[in-house]
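The chain contents come next:
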Amino acid sequence: MFTLGIVATGTLWYFWNLKLMPFMPLQEALVAEFERCSPRVDGGRVKGKEDTPKILRVVMRVPFDPTSSAPSVQSQIATRISRTGELARQFVSSDDFEILEVHLFSEHKEQSLRQKTFTRQFASAQP
């Protein structure tokens, strides 16, 4: 039983590092750029569909409501997407991905999760 636990843990650790290691520099750059954003970066195609474009997906926490239509919030969203695109082009090969998907979410105590996904072409990644 103990050996099974070690093998299972080792396998999960290996798989997780193998999957996320190529994106670690970008993830660390996002942490340095945006305070307490808790980013998660991964990439690839939709499972089982080889004819779909390759997507670089960035999920991060934001201190504002990403679903708001207020001009100040829209400006913050545009800035965050633009800067994320710049960092992505700096740390990830642009030949590997066609689409940049930025998923922003905001957590407020005892309220529902506010979230919104923005999709851009990876080459430009401009709002």
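From a predicted model like this one, the values you see are computed outputs, not experimental measurements.

## Some remarks on the overall build of the protein chain
Then comes step 1: Within the protein chain, the regular secondary structure consists of three helices and four strands.
Then comes step 2: Overall, the C-alpha framework of the protein chain stretches about 55 × 40 × 30 Å when taken along its three principal axes.
Then comes step 3: Evaluated residue by residue, the protein chain yields a buried proportion of 35% over its 127 residues.
Then comes step 4: Accessible area for the protein chain stands at about 8,300 Å²; split by element, carbon and sulfur atoms hold 56% of it.
Then comes step 5: Of the side-chain charges in the protein chain, 16 are positive and 14 negative, and the distance between the mean point of each set is 4 Å.

## Observations regarding unusual backbone geometry
Then comes step 1: One non-glycine residue, Arg36, lies in positive phi territory at about 50°.
Then comes step 2: For Arg36, the position within the fold is in the loop between α2 (24-33) and β1 (40-44).
Then comes step 3: With a phi angle near 45°, Ser38 is a residue other than glycine that sits in the positive phi range.

## Some words on helix α3 (residues 71-91)
Then comes step 1: Between the first and last C-alpha of α3 there are 30 Å, a value that for 21 residues agrees with the 30 Å anticipated at 1.5 Å per step.
Then comes step 2: When α3 is considered as a whole, its buried residues turn out to be Val73, Ile77, Arg80, Ile81, Ser82, Thr84, Gly85, Leu87 and Ala88.
Then comes step 3: Lining the buried residues of α3 we find α2, β2 (55-61), β3 (99-106) and β4 (114-121).

## Describing the layout of surface pockets
Then comes step 1: In this structure, the largest pocket spans a volume of roughly 290 Å³.
Then comes step 2: Along the walls of the largest pocket sit Phe15, Lys19, Asp42, Gly43, Gly44, Arg45, Val46, Lys47, Ile55, Arg57 and Glu101, which together make up its complete lining.
Then comes step 3: Considering each element in turn, the lining of the largest pocket owes the most residues, three residues, to β1.
Then comes step 4: For the lining of the largest pocket, the per-class residue count stands at three nonpolar, two polar and six charged.
Then comes step 5: In this structure, the second largest pocket occupies an estimated 190 Å³ of space.
Then comes step 6: Together, Glu35, Arg36, Arg61, Val62, Pro63, Arg80, Ser106, Glu107 and His108 line the second largest pocket.
Then comes step 7: A per-class count over the lining of the second largest pocket returns two nonpolar, two polar and five charged.

## Concerning the sheet that holds β1
Then comes step 1: One open sheet holds the four strands; their spatial order is β1-β2-β3-β4, and the pairing between them is mixed. Looking along the sheet, the strands with just one partner apiece sit at the ends: β1 and β4. This sheet shows a mean twist of 15° between the axes of neighbouring strands, independent of strand direction.
Then comes step 2: For β1 and β2, the ladder comprises five bridges, and the chain directions are antiparallel. Counterpart to Gly43 in the pairing with β2 is Leu56.

How each quantity is defined
Residues numbered from 1 in each chain as written. Predicted model: local features only at pLDDT ≥ 70, side-chain atom pairs only at ≥ 80, totals over all residues. Heavy atoms only, no water. Helix = DSSP H or I, 4+ residues; strand = E, 2+ residues; numbered from the N terminus. Buried < 20%, exposed > 50% of the residue type's maximum accessible area, 1.4 Å probe, protein only. Areas by Shrake-Rupley, 256 points an atom, 1.4 Å probe, with all protein chains shown as cover. Lys, Arg positive; Asp, Glu negative; His and termini not counted. Charge placed at Lys NZ, Arg CZ, Asp CG, Glu CD. Expected span 1.5 Å × (residues − 1). Contact = heavy atoms within 4.5 Å. 1 Å grid on protein atoms, 1.4 Å probe; cavity = no way out; pocket = protein on both sides within 12 Å on 5 of 7 lines; lining within 4 Å. Points joined across faces, edges and corners; volume = space filled by probe spheres on them. Nonpolar A, V, L, I, M, F, W, Y, C, P; charged D, E, K, R; others polar. Pairing = 2+ DSSP bridges. Axes fitted to C-alpha atoms, helices over the stretch in contact; angles between N-to-C directions.

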